[in-house]
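Descriptive analysis of the structure
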Amino acid sequence: MQPTKDATHSSPLESQTVPRPSSPAPQMDGTSWLMLIVLSILWGGSFFFTEIALVDLPPLTLVLCRVTIAAIVLWWVVLLRTIAIPRDPKFWGAILIMGALNNLVPFSLIVWSQTHITSGLAAILNATTPLFTLIIAHLATDTEKLNLRKASGVLIGFAGVVIIIGVPDLPNPQPGSDAALALPTASWLAALAPLAPIAVLLAAFSYGCAGVFGKRFGATNPILTAAAMTSASSLLLIPLAAIIDTPWRLAPPSADAIMAVFGIAGLSTAAAYILYFAILKRAGASNLLLVTFLIPVSAIFLGVGLLGETLSVQQLVGMGVIGAGLVAIDGRLIRKRVR
């Protein structure tokens, strides 16, 4: 899933794989705001669709369905636009890494986490993607160093994370102990439940790595990159889902689960990628950062309104602190107040 000023969520490759807009100062007009709100609903909806599909499908199988269907849709767009397909093996090797960093790892971690935490909390924690991206870019590049304002925003954002989850305690017996070795697999997995919030943070970290790594695709058509990336992650997921989930043994999914799978693949992945790039071209990467603020709101409204989920006051306060950190990173409100 969510974007930063230099890279996205739910993904996140995204702004790094697209050349900067030619316009020197793109502005957010009414149409751009409407497109941004729709994008936030699509990406926020991924948490909602996941919650429904997980009733009948295990995590890796769900992620495999998501990226495979999205890849089919995106390749259809590539063919319609007659976009040239690279033949360089180095490109496809890099795409394989990108598929792991931007799809396989974060999607799997977030989906697994939602077997233990609400979709709203997962979306809030996923909003830390810009914080990780800034740190990784600072360490891995010579051109995107942290300044005082951005560093302060990162610290504020992580303070919000601490408010939300604190320091998780694993139940006894600890995995690896003699007592734990005697437990069945289901108990092992249950013992990992307190780490579900950490799994979302690891997903955000993976998105941050993808954002920095994705700079190498700047000369490639972004729709082609997205199609290739989802295809690569599909290939990586096939053996994992087969070994871990053994999906052929599952009962047929319900109609609700099937619709949720098509929703998360067609709407929250394929359509979201296409809309993302349209906004990027129209309004610029800086304005696109605003979607980071909107995604948790969309996810919370969907989770509370349609799934009956609840969020604690502590979690909402933490979301506010993370939002304050993102405001500091974005900088526009601070500059307006200074003026």
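Residues numbered from 1 in each chain as written. Predicted model: local features only at pLDDT ≥ 70, side-chain atom pairs only at ≥ 80, totals over all residues. Heavy atoms only, no water.

1. Quick look at the overall build of the protein chain
To be explicit about the condition: Labels follow the DSSP assignment, with helices taken as runs of H or I lasting at least four residues and strands as runs of E lasting at least two, numbered in each case from the N terminus. Under the scheme applied here, a residue whose accessible area is under 20% of the maximum for its type counts as buried, over 50% as exposed, and between as partly exposed, the area being computed with a 1.4 Å probe on protein chains only. Residue-level accessible areas treat just the shown protein chains as cover; the underlying method is Shrake-Rupley with a 1.4 Å probe.
A tally of helices and strands in the protein chain yields 15 helices and 0 strands. Taken across its 339 residues, the protein chain has 52% of its residues classed as buried. For the protein chain, the exposed surface amounts to about 15200 Å²; the carbon and sulfur share of it is 70%.

2. So, the pattern of salt bridges
Applicable threshold: In what follows, salt bridge is the name for a side-chain nitrogen of Lys or Arg lying within 4 Å of a carboxyl oxygen of Asp or Glu.
Enumeration over the complete set of coordinates arrives at 1 salt bridge. Across the salt bridge formed by Glu144 and Lys215, the nearest N and O atoms sit 2.1 Å from each other. Here the residue Glu144 occupies a position in the loop between α5 (129-140) and α6 (148-165), and Lys215 occupies one in the loop between α9 (196-213) and α10 (222-245), the gap between them amounting to 71 residues.

3. Remarks on the packing of aromatic side chains
Aromatic rings considered in pairs are described by the distance between their centres and by the relative angle of their planes. Applicable threshold: To pair, rings of Phe, Tyr and Trp, with the six-membered ring standing in for Trp, must have centres within 6.5 Å; the planes then decide the type, stacked if under 30 degrees apart, edge-to-face if over 60, and tilted in the middle. Charge-over-ring placement is defined geometrically: NZ (Lys) or CZ (Arg) within 6 Å of the ring centre, and within 35 degrees of the ring normal.
Applying the stated criterion to the full structure yields 9 aromatic pairs. Their ring planes at 55° and their centres at 5.5 Å tell us that Phe48 and Phe49 sit as a pair that is tilted. Of the two residues, Phe48 and Phe49, both sit in the buried class. Taking 6.3 Å as the distance between ring centres and 65° as the angle between the ring planes, the aromatic pair formed by Phe213 and Phe217 counts as edge-to-face. Using a relative accessible area of 16% as the deciding quantity, one classes Phe213 as buried. Ring pairing ties together the aromatic residues Trp43, Tyr273, Tyr276 and Phe277, which thus form one cluster. A cation over a ring is seen here: Arg216 above Phe213, with NZ or CZ 3.9 Å from the ring centre.

4. Thoughts on the confidence of the model for the protein chain
Definition in use: pLDDT measures the predictor's confidence residue by residue and takes values from 0 up to 100. The contact definition used throughout considers only heavy atoms, calling two residues in contact when any of these lie within 4.5 Å.
Taken residue by residue, the protein chain gives an average pLDDT of 83. The fraction at 70 or more is 82%. Scored below 50 in pLDDT, residues 2-24 shows 109 contacts in the model against residues more than four places distant or in partner chains.

5. Some words on helix α11 (residues 255-283)
Going by this rule: Note that bend, as reported per residue, equals the angle between axes fitted to the 7 residues terminating at that residue and the 7 residues originating from it.
In α11, a bend of some 40° at Ala272 exceeds every other bend along the element. Positive backbone phi, at 95°, marks Gly284, one or two positions downstream of α11.

6. Notes on the nonpolar core
For the record, the criterion: In this text, buried Ala, Val, Leu, Ile, Met, Phe, Trp, Tyr and Cys residues form a nonpolar core when linked through side-chain atoms within 4.5 Å.
Counting 85 residues, the largest nonpolar core has Leu39, Leu125 and Ile279 as its most contacted members. Counting residues per element, this core draws most heavily on α11, at 13 residues. Sequence-distant contacts of Ile279, that is, excluding residues within four places in its chain, are made with Met35, Leu36, Leu39, Gly284 and Leu288.

7. Examining the packing of helix α1 (residues 30-53) against helix α4 (residues 119-126)
Short version of the rule: To get an axis, fit a line to the C-alpha atoms, keeping to the stretch in contact for a helix; angles then go from 0 to 180 degrees between the N-to-C directions. The labels follow the angle: roughly parallel below 35 degrees, roughly antiparallel above 145, roughly perpendicular from 65 to 115, and oblique for the rest. Whether a crossing is left-handed or right-handed is set by the direction in which the near helix is turned from the far one by less than a right angle, anticlockwise for left-handed and clockwise for right-handed. Here the term charged refers only to Asp, Glu, Lys and Arg, the term nonpolar to Ala, Val, Leu, Ile, Met, Phe, Trp, Tyr, Cys and Pro, and the term polar to all other amino acids, Gly among them.
Here α1 crosses α4 at 140°, and the two axes come no closer than 9 Å. One element, α1, and the other, α4, form an angle in the oblique class. When you trace α1 past α4, the crossing you get is right-handed. Residue-level inspection shows Phe47, Phe48 and Glu51 of α1 in contact with α4, the latter providing Ser119, Ala122, Ala123 and Asn126. The residue makeup of the contact of α1 with α4, split by class, is 4 nonpolar, 2 polar and 1 charged.

8. Examining the environment of Gly160
Looking at the secondary structure, you find Gly160 in helix α6. Classification of Gly160 by relative accessible area gives buried; the value is 0%. A sequence separation of 155 residues divides Gly160 from Gln315, and the C-alpha atoms of the two residues are 8.7 Å apart. Setting aside residues up to four positions removed in sequence, Gly160 forms contacts with Gly318, Val321 and Ile322.

9. A few points about a nonpolar patch on the surface
Let me state the cut-off plainly: Like charges are joined within 9 Å and nonpolar side chains (Val, Leu, Ile, Met, Phe, Trp, Tyr) within 5 Å, but only among residues with over 30% relative accessible area and no salt bridge; these make up the patches.
A cluster of nonpolar side chains, contributed by Ile163, Val313 and Val317, occupies part of the molecular surface with about 250 Å² of accessible area. Its location among the elements puts Ile163 in helix α6. Looking at Ile163, the relative accessible area reads 32%, which means it is partly exposed.

10. Focus on the environment of Ile52
Relative to the helices and strands, Ile52 is located in helix α1. C-alpha separation for the pair Ile52 and Asp256, spaced 204 residues apart in sequence, amounts to 7.1 Å.

11. Structural notes on α1
The cut-off we apply is this: To estimate how far a helix should extend, the number of its residues minus one is multiplied by 1.5 Å.
Spanning 24 residues, α1 covers 34 Å between terminal C-alpha atoms, matching the ideal 34 Å at 1.5 Å per step. Within α1, the axis deviates most sharply at Gly45, by approximately 30°.

12. A look at the packing of α4 against α9
The interhelical angle for the contact between α4 and α9, taken along N-to-C directions, is 40°, at an axis separation of 9 Å. Of the possible angle classes, the one that applies to α4 and α9 is oblique. α9 is crossed by α4, and the crossing has right-handed handedness. Residues Ala122, Leu125 and Asn126 of α4 form the contact with α9, whose own contacting residues are Pro197, Val200, Leu201, Ala204 and Tyr207. Residue composition of the contact of α4 with α9, by class: 7 nonpolar, 1 polar and no charged.

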